[in-house]
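Residue strings, one per chain:
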Amino acid sequence: MAGNLERIFFLAENFPLVNADEVQVVDKWFDVWKSHRIEIIIVTPEQKEPVEELWKRHDLMKYLEAIISLEAPQKYPTVGALMHNGLRREGWVPREQIICTNSTEAARSIWIDEAGKLRRCALAHTFRYDKGGE
């Protein structure tokens, strides 16, 4: 199904899940996306176990395709490097994925590699939202 949205990436830091309202909103939208067979992937710059524990505590793991650490088992310097690896090794199609983040660096890494050079193509659609008050 070329051209359809296949996966959504979120940064773990964008989901503190500190209150019931946040959990309810995540549950609602992730359920919709999962019902449309969209893979939901959480990316964390640190070890994935604490993130996994948080999502399990709120019964939200059922929606996730994966939680991917940029640290281990393979080290990726940026989210863009992770997506480039997914393109090369997993066949991830850039036009079929989106990253939703409030991180300028994460969004930038979709277009620009670690050496500061423009990539041949953007590795995903990007949705960058305001951090709210910062």
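What counts and how
- Residues numbered from 1 in each chain as written.
- Predicted model: local features only at pLDDT ≥ 70, side-chain atom pairs only at ≥ 80, totals over all residues.
- Heavy atoms only, no water.
- Salt bridge = Lys/Arg side-chain N within 4 Å of Asp/Glu carboxyl O.
- Helix = DSSP H or I, 4+ residues; strand = E, 2+ residues; numbered from the N terminus.
- Buried < 20%, exposed > 50% of the residue type's maximum accessible area, 1.4 Å probe, protein only.

> Could you give an account of the pattern of salt bridges, naming the residues involved and the relevant values?
Under the definition given, this model contains 6 salt bridges. Between R7 and E39 there is a salt bridge, with its nearest N and O atoms 3.2 Å apart. On the criterion of sequence distance, the pair formed by R7 in strand β1 (residues 7-11) and E39 in strand β2 (residues 39-44) is long-range, its members being 32 residues apart. For R7, a relative accessible area of 8% translates into the label buried. Since its relative accessible area comes to 23%, E39 is described here as partly exposed.

> I'd like to hear about unusual backbone geometry, residue by residue, with values.
Cis geometry marks the peptide bond from A72 to P73, where omega comes out at 10°. Tracing the backbone shows P73 in the loop between β3 (66-69) and α3 (79-90). Residue L17 is not a glycine yet carries a positive backbone phi of 50°. Among the secondary structure elements, L17 is positioned in the loop between β1 and α1 (20-35). Even without being a glycine, R37 presents a positive backbone phi close to 60°. Inspection of the secondary structure assignment puts R37 in the loop between α1 and β2.

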